[in-house]
Amino acid sequence: MIPVPSIEFHPDDRYFAFLRTVSTPECGQGRLAGIPVAVKDNISTAGIETTCASRILAGYIPPYDATVVEHLRREGAAIVGKTNMDEFGMGTTTENSAFGPTKNPADTSRVPGGSSGGSAAAIAGGLVPMALGTDTGGSIRCPAAFCGIVGLKPTYGRVSRYGLIAYANSLEQIGPMAGNVTDVNRLMEVIAGYDSRDSTSLNQAYLHTPDPEIRGVKIGVPEEFFGEGVDPRVASVVWDAISMLERKGAEIVTCRMPSMAYALAAYYVTCTCEASSNLARFDGVRYGDPADTRKTWHESFQERRREGFGEEVRRRIMLGTFALSSGYYGKYYAKAQAARHHVRADFARLFRDVDVLAGPTMPTVAFRFGEKSDPLSMYLSDILTVPANLAGVPAISVPCGKVGNLPVGLQITGRWREDERVVDVAYAYEQGRSA
Amino acid sequence: MNSTLRDRIQWLLKTVSKVHSLLGEKIPAGRQKGMITEKDTEHIAQLADIAIHKEELAAFTSRFNEILEYFDLLDQVDMVENAENKECNVLREDEIVPSLSQDKVLSNVREQEDGFFKAPRVM
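Since the structure is predicted, the reported quantities are computational estimates derived from the model, not experimental observations.

**As for the pattern of salt bridges**
- Within the structure shown, the criterion is met by 36 salt bridges over all chains.
- Glu213 of chain A is the salt-bridge partner of Arg215 of chain A, the closest N and O atoms lying 2.9 Å from each other.
- Since its relative accessible area comes to 60%, Arg215 of chain A is described here as exposed.
- For the salt bridge of Glu42 of chain B with Lys54 of chain B, the shortest nitrogen-to-oxygen distance reads 2.8 Å. Of the two residues, Glu42 of chain B sits in helix α2 (residues 38-47) while Lys54 of chain B sits in the loop between α2 and α3 (57-71), which places them 12 residues apart along the sequence.
- The network of salt bridges with shared partners includes Arg20, Asp41, Glu49 and Lys82 of chain A.

**Comments concerning the nonpolar core**
- Judged by nonpolar contacts, the single largest core of 136 residues is most densely connected at Leu72, Phe88 and Leu410 of chain A together with Phe71 of chain B.
- Residue contributions to this core peak at 12 residues, all from helix α6 (residues 260-278) of chain A.
- Setting aside chain neighbours within four positions, we find Leu72 of chain A in contact with Leu32, Val37, Val39, Ala77, Ile79, Leu132, Leu187, Val190 and Ile191 of chain A.
- Phe9, Ala38, Ala131 and Ala144 of chain A belong to the second-largest nonpolar core, a separate cluster that totals 20 residues.

**Here we look at the packing of aromatic side chains**
All names here are of chain A.
- Counted by the stated rule, this structure contains 18 aromatic pairs over all chains.
- With centroids separated by 5.9 Å and ring planes inclined at 70 degrees, the aromatic side chains of Phe88 and Phe309 adopt a geometry described as edge-to-face. Here Phe309 lies in the loop between α7 (297-308) and α8 (311-323) and Phe88 lies in the loop between β3 (78-83) and α2 (117-124), a separation of 221 residues in the sequence. No difference in accessibility class separates Phe88 from Phe309, as the two residues are buried.
- Aromatic rings pair up to connect Tyr60, Phe88, Phe282, Tyr287 and Phe309 into one cluster.
- The cationic tip of Lys372 hangs over the ring face of Phe367; the distance from NZ or CZ to the ring centre is 4.9 Å.

**Examining a nonpolar patch on the surface**
- Residues Trp297 of chain A together with Val122 and Met123 of chain B make up a contiguous nonpolar surface patch of roughly 370 Å² in combined accessible area.
- With respect to the helices and strands, the residue Val122 of chain B is situated in the segment after β2 (116-117).
- Exposure remark for Val122 of chain B: the relative accessible area of 62% places this residue in the exposed category.

**Quick word on the packing of helix α4 (residues 181-191) of chain A against helix α12 (residues 419-434) of chain A**
Residues and elements named next belong to chain A.
- At their nearest, the axes of α4 and α12 sit 9 Å apart, and the two run at 160 degrees to each other. Viewed along their axes, α4 and α12 adopt a mutual orientation that is roughly antiparallel. At the point where α4 passes α12, the crossing takes the left-handed sense. For the pair α4 and α12, contact is made by Val181, Thr182, Asn185 and Met188 and by Asp419, Val423, Ala426, Tyr427 and Glu430, respectively.

**Comments concerning the interface of chain A and chain B**
- With 64 residues of chain A at the interface, the matching set in chain B holds 51 residues.
- For the pair chain A and chain B, the summed buried area comes to about 5,400 Å², and 65% of that belongs to carbon and sulfur atoms.
- Counting across the chain A and chain B interface gives four salt bridges.
- Its salt-bridge partner being Arg306 of chain A, residue Glu56 of chain B comes within 2.8 Å of it at the nearest N-O pair.
- Along the contact surface separating chain A from chain B lie 16 residue pairs in polar contact (both at pLDDT 80 or more).
- Elements that contribute at least two residues to the side of chain A that touches chain B include exactly α6, α7, α8, α9 (330-353) and α10 (375-380) of chain A.
- Element by element, the count of residues in the side of chain A that touches chain B is highest for α9 of chain A, at 11 residues.
- Its residues placed into classes, the side of chain A that touches chain B shows 34 nonpolar, 16 polar and 14 charged.

**What about the environment of Ser119 of chain A?**
Residue and element names in this part refer to chain A.
- Checked against the element boundaries, Ser119 lands in helix α2.
- Every residue in contact with Ser119, bar those within four places of it in the chain, is listed here: Lys40, Thr83, Asn84, Ala131, Leu132 and Met177.
- Polar contacts involving the side chain of Ser119 include one to the main-chain carbonyl oxygen of Leu132, which spans 2.9 Å.

**Section: the sheet that holds strand β11 (residues 406-414) of chain A**
All names here are of chain A.
- Pairing is mixed across the open sheet formed by 11 strands, whose spatial order is β1-β3-β2-β4-β6-β5-β10-β11-β9-β7-β8. The open sheet has two edge strands with one neighbour each: β1 (18-21) and β8 (251-255). Neighbouring strand axes in the sheet, compared pairwise and without regard to direction, differ in orientation by 30 degrees on average.
- Relative to strand β10 (residues 395-403), strand β5 (residues 150-153) runs antiparallel, the two sharing three bridges. Its bridge partner being in β10, Leu152 is matched across the sheet by Ile396.
- Running at roughly 145 degrees to strand β6 (residues 173-178), α4 makes contact with β4 (130-135), β5, β6 and β10 of the sheet.
- Of the strands in this sheet, β7 (218-222), β8, β9 (356-360) and β11 are in contact with α9, which crosses β9 at around 110 degrees.

**Regarding α4 of chain A**
Residue and element names in this part refer to chain A.
- The buried fraction of α4 is high, at nine of 11 residues.
- All buried positions along α4 are accounted for by Val181, Asp183, Val184, Asn185, Leu187, Met188, Glu189, Val190 and Ile191.
- Contacts made by the buried residues of α4 are with α1 (67-74), β4, β5, β6, β10 and α12.
- Measuring from the backbone nitrogen of Thr182 back to the side-chain oxygen at the start of α4 gives 3.2 Å, which picks out Asn180 as the cap.

**A look at the confidence of the model for chain B**
All names here are of chain B.
- With 67% of its residues at a pLDDT of at least 70, chain B reaches an overall mean of 80.
- This stretch, residues 20-26, has a pLDDT under 50; its non-local contacts, to residues over four places away or in other chains, come to 11 contacts.
- For this predicted complex, the interface confidence comes out at an ipTM of 0.93, alongside a pTM of 0.92.

**Quick word on unusual backbone geometry**
- Cis peptide bonds are those with omega within 30 degrees of zero, and the linkage from Gly114 of chain A to Ser115 of chain A qualifies with 10 degrees.
- Even without being a glycine, Arg417 of chain A presents a positive backbone phi close to 75 degrees.
- Classification of Arg417 of chain A as partly exposed rests on a relative accessible area of 29%.
- Phi is positive for Asp114 of chain B, which is not a glycine, with a value near 50 degrees.

Conventions adopted
Residues numbered from 1 in each chain as written. Chains lettered and ligands numbered in written order. Predicted model: local features only at pLDDT ≥ 70, side-chain atom pairs only at ≥ 80, totals over all residues. Heavy atoms only, no water. Salt bridge = Lys/Arg side-chain N within 4 Å of Asp/Glu carboxyl O. Buried < 20%, exposed > 50% of the residue type's maximum accessible area, 1.4 Å probe, protein only. Helix = DSSP H or I, 4+ residues; strand = E, 2+ residues; numbered from the N terminus. Core = buried A, V, L, I, M, F, W, Y, C linked by side-chain atoms within 4.5 Å. Contact = heavy atoms within 4.5 Å. Phe/Tyr/Trp six-rings, centres within 6.5 Å; stacked < 30°, edge-to-face > 60°. Lys NZ or Arg CZ within 6 Å of the ring centre and 35° of its normal. Patch = residues over 30% accessible without salt bridge, like charges linked within 9 Å, V, L, I, M, F, W, Y side chains within 5 Å. Areas by Shrake-Rupley, 256 points an atom, 1.4 Å probe, with all protein chains shown as cover. Axes fitted to C-alpha atoms, helices over the stretch in contact; angles between N-to-C directions. Parallel < 35°, antiparallel > 145°, perpendicular 65-115°, else oblique. Left-handed = near helix turned anticlockwise from the far one by under 90°. Buried area = accessible area lost by both parts, 1.4 Å probe. Polar contact = N/O pair within 3.5 Å; in protein donor to acceptor, adjacent residues only side chain to side chain. Nonpolar A, V, L, I, M, F, W, Y, C, P; charged D, E, K, R; others polar. Pairing = 2+ DSSP bridges. pLDDT = per-residue confidence, 0-100.

See below:
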C-alpha cells in the first residue's frame, strides 16, 4: 500500500483569511496528493460548516459535497479550511463578511479585494499553495490582482456549480486560484469537466499543459480598458506588461468595446435580480437559526432575514426585487439583458480579429479599509471584470508588477471555451517576466 | 372621503397601473429619473420579505436613488429582438437517481416534528 502523503499546513492566520480550519485534514492519492487546498465558504463541504460569511447560515453543515470538492477529495487534496468572503459574494473588498474583514498580506492596512478575499490572502500569505474561489463579477480576479496571485474565471459551464450556494446563477463560476499559472492550471484540471447535476455544465474536459509560446498571438487592447477611473500608475504598469508580450512576439492591436458604457449597470441589474430570487430560500425553516413559529409566516421571515443578512445583502435583494417589480421590468431587467447581448456581440466581433484581450484587472490598487464605504463607488470598481461574466467567457488575472508595494494584475480575456489559451498567455507573461 | 371609497379608488389605481404595466410597461409617475421615496423603500422591503426599521429608511432610500440613477444608463441601450436567451429547454428522461436521505435533509433543522420541517403558521 502506498503511504498517504503528509500535509504541510500551519494555520498562522494573521490575515483572517480563514473562517474556520480543519483540525486534522485528510488526504489521499492522486494528482493533488497531500496538497493543502482552501475552499471559499460558499462552496458546500460535507461535514464542514459553510456559511457564505453570513449570520443567516451560521451553524449550517452541508450534508453533501459540491462536485468540485468531490473532485478535490478524489485527487488526494487536503481540504484545510473555509475562507472568508464578502457575505454571499456581494462585495469587492471582503469587508462585507459578517465575521470581520480579511487583511491584504501585501499591506495589512488594505483590503485583499473580494469577494474571494480569504482565498487570495491565504495564498499570498503563504498558508496554502492553492484555493478555490468563485467569480460572479470579478470575485476571483479582483482579489488575485490586489494580493498578487493568479486567478482564473473559467468559461461559464466548464466547472460544475453543483453545491455552490447560488447568488447569481447566470454569471457565477467556481475557479482556481494559486501563486502561479502552473498551479492554477493543475487545479483547473481537477475541478473542470461535465457534471450532470449542473444543468448548465459544458461537456468539455480540461487537460492542458501550459505553452509559453506567444509568437503570432494577436492581443486586442480595447481603449475602454484604460478609460476614465483607471489609475494612470496602474495603466502604466499594465502597458509595460503588454509591451513585454509584444517584444516576445505577440501582435498588439488597439480596438474599441462600446458596450463597456453600460456593462456595469447591466451587470448590477442582473445580479441583484437573480439574488432577490436565490436568497428567498433563506427563511430560517430548513437551516440556520429557526424562524419564530409562533408568529405569522411573513412576520417571522421578515425579522429573521433582517437579523440574518448584512446591509449590502439586504440592499441587493431589495434592488433586485424593485427592478423585477411590476412596471419596472422593461426599464431594468429587459434592458440589462439587451445590454448583455451587446456585450456578447462586442466580444464576438473583437474575437474575429484577435485571440485574446488584455488590460488591467482592476482600475486601481487595493483600497484602504473603509475607502469604498458608499456602495455605488464600490460597484464602479468592478467595471473591468464584469464584461467576462456577462458574456460567459474565460478571463485570468496574473500579477504584472506593483505600484509602490501594491500588486497590479494583468487581465487576459479569451474566447468562449478557450480557457487553455488565456492560461497560455498568462503563462507566457509569467515565464517572460521571470526570465 | 370614507375609507371604503378610498379603498376602492386605491384598488382601481392599482388595477390601472397593472394594466399599464402589462400593456406598455409604463413607468409609474414620479420615477422617470432617479427618485424613489421612503414609502417605496418600505414597500420593496415588504415585497422582499425583509423587515426594515424606520431609522434605516432614509439611508437605504438615498443609496437606492444613487444606484437607480446610475442604472438609468441602460435607457440608451437599444433593444434587440430575443435578447433574452434563445435557447430552449432540453428535457431528459425522468430517471430516479439516489438523493439525500430524510435524516440528512433534516440534519440542519432546529425545529422539526415527525420528520417534517416546522414552519411558521401561514394564516
